[in-house]
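The primary structure of each chain is shown beneath.
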Amino acid sequence: WQLTAMPQVPSSVYRIGVDRADRAHLLAATPQGLWRSLDAGRSWQVLQAGHFTDVLQDPHLATRWFAGAQELGVLRSLDGGGSFTSANGSAISGPIGRVSLASSSAQPGLLFALVADGGNTRGIFRSTDGAASWVSIDGGPDAGWGQAFHTNAIATHPDDPELLIVAQGGAKLTRDALAAQPTWTSIDAIGHADTARLAWDADGQLWAANDGGLFRLDLDAGTADDSRNGGLTTLQVFAPGALTLDPDGAQRAWIGLQDNGLVRA
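Rules used in this analysis
Residues numbered from 1 in each chain as written. Predicted model: local features only at pLDDT ≥ 70, side-chain atom pairs only at ≥ 80, totals over all residues. Heavy atoms only, no water. 1 Å grid on protein atoms, 1.4 Å probe; cavity = no way out; pocket = protein on both sides within 12 Å on 5 of 7 lines; lining within 4 Å. Points joined across faces, edges and corners; volume = space filled by probe spheres on them. Helix = DSSP H or I, 4+ residues; strand = E, 2+ residues; numbered from the N terminus. Pairing = 2+ DSSP bridges. Core = buried A, V, L, I, M, F, W, Y, C linked by side-chain atoms within 4.5 Å. Buried < 20%, exposed > 50% of the residue type's maximum accessible area, 1.4 Å probe, protein only. Axes fitted to C-alpha atoms, helices over the stretch in contact; angles between N-to-C directions. Patch = residues over 30% accessible without salt bridge, like charges linked within 9 Å, V, L, I, M, F, W, Y side chains within 5 Å. Areas by Shrake-Rupley, 256 points an atom, 1.4 Å probe, with all protein chains shown as cover. Salt bridge = Lys/Arg side-chain N within 4 Å of Asp/Glu carboxyl O.

(A) Representation of the layout of surface pockets within the structure. There is about 210 Å³ of room inside the second largest pocket. Lining the second largest pocket are 14 residues, with Gly204, Leu206, Leu217, Asp218 and Leu219 positioned closest to its centre. Broken down by secondary-structure element, the contributors of at least two residues to the lining of the second largest pocket are strand S19 (213-218) and strand S20 (223-225). For the lining of the second largest pocket, the element with the most residues is S19, which contributes three residues.

(B) Fine view of the sheet that holds strand S8 (residues 85-86). Taking strand neighbours across the sheet as the criterion, the four strands line up as S5-S6-S7-S8 in an open arrangement whose pairing is antiparallel. The strands lining the two open edges of the sheet, one partner per strand, are strand S5 (52-57) and S8. Inspection of the sheet shows S5 paired to strand S6 (residues 65-69) by five bridges, in the antiparallel sense. Paired with Leu56 across the bridge in S6 is Phe66.

(C) Region of the structure containing the nonpolar core. Ile165, Ile187, Ile190, Leu198, Trp200 and Leu217 are the most contacted members of the largest nonpolar core, which has 15 residues in total. Breaking this core down by element, the ones donating at least two residues are strand S13 (153-156), strand S14 (164-167), strand S15 (171-174), strand S17 (195-200), strand S18 (206-210) and S19.

(D) Structural view of the sheet that holds S19. As summarised here, the arrangement of the four strands in space is S17-S18-S19-S20, forming an open sheet in which the pairing is antiparallel. At either margin of the open sheet sits one strand with a lone partner, and together these are S17 and S20. This sheet shows a mean twist of 30° between the axes of neighbouring strands, independent of strand direction. Direction of pairing for S18 relative to S19: antiparallel, over a ladder of five bridges. Of the residues in S19, the one forming a bridge with Ala209 is Leu214.

(E) Examining a nonpolar patch on the surface more closely. Residues Val13, Ile16 and Val18 make up a contiguous nonpolar surface patch of about 220 Å² in total accessible area. Positionally, Val18 belongs in strand S1 (residues 15-18). Here Val18 falls in the partly exposed class, since its relative accessible area comes to 37%.

Taken by themselves, the reported measurements are silent on function.
Have a look at this one:
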C-alpha cells in the first residue's frame, strides 16, 4: 500500500464510488468534502466542500450520480460526477445530519434516502424519478435509538423494488416500498444492535455488519447466522463502509473491526 496524494488526511471515508464507465474515475464521500480522483486513486482533489456521508452511481445511467451530505441533504450530478447540485426537492429539509442512499437495480430512477438528525431518524424518503422529486415514506417502529449517525444503513433488494431494509440502532423492513404509505415491520434477528452497513451479495443473501460482527440474515426464517465470526476476539464492526462483499459471489467478505483491524470471511 502507498499513501495517495490527498488534500489532507480525512477523518474518515464513508464510501468510495467507482465509475463503471471509467474505472480510473473515483468519488469519495468524506467529512472534509466530496473528493474526486481521475487516476484510479493515486491523487485526489476536493470536488465540493461539506461533510459528505454517501456517494453512489446510478445503476442504470452511468452519467448520473447521487451524494448525501450533512446540512446539504441529497445532491445529484447529471454530468458523470463532474459537478453536483441540490436535489432535495420540497420534501427533504433540515435539520439534516447523516444521509445514506440506496439506488434500485430493479427499477430505473428509484432511489431511497435515510436521513438522520444526528441521533434519531429524520426521515426515510423515496424518489421514482432519479432524485428530481421526493416523498416521505417514514413510519412504523423508530429504528434510530439515538444512534443514527454512525449507524445509518439502508438497502433495497437488487431484484425486488418493494423490499427495503433500514438499520440504525434497531432495524425494520417494508415489502411494499412503492406504496404511498409503506407498512414497516421490526427486524428482531439482525444479529446485534447498531448496524453500520447492509448489503446483498451476488447470490441474493443479505448481510449486516454491526457491533456484534458480520451476520447473514434470513428474513423469512427470522434468523441471523454468525458462523463467520468464529475466532475473532472482538466482533464490533465499526465505521460506515466497514463491509465489502466479493462481487463475484465467492462467499467472501472483508470487514473492518474496531481495535482489531481488517479480517476476511
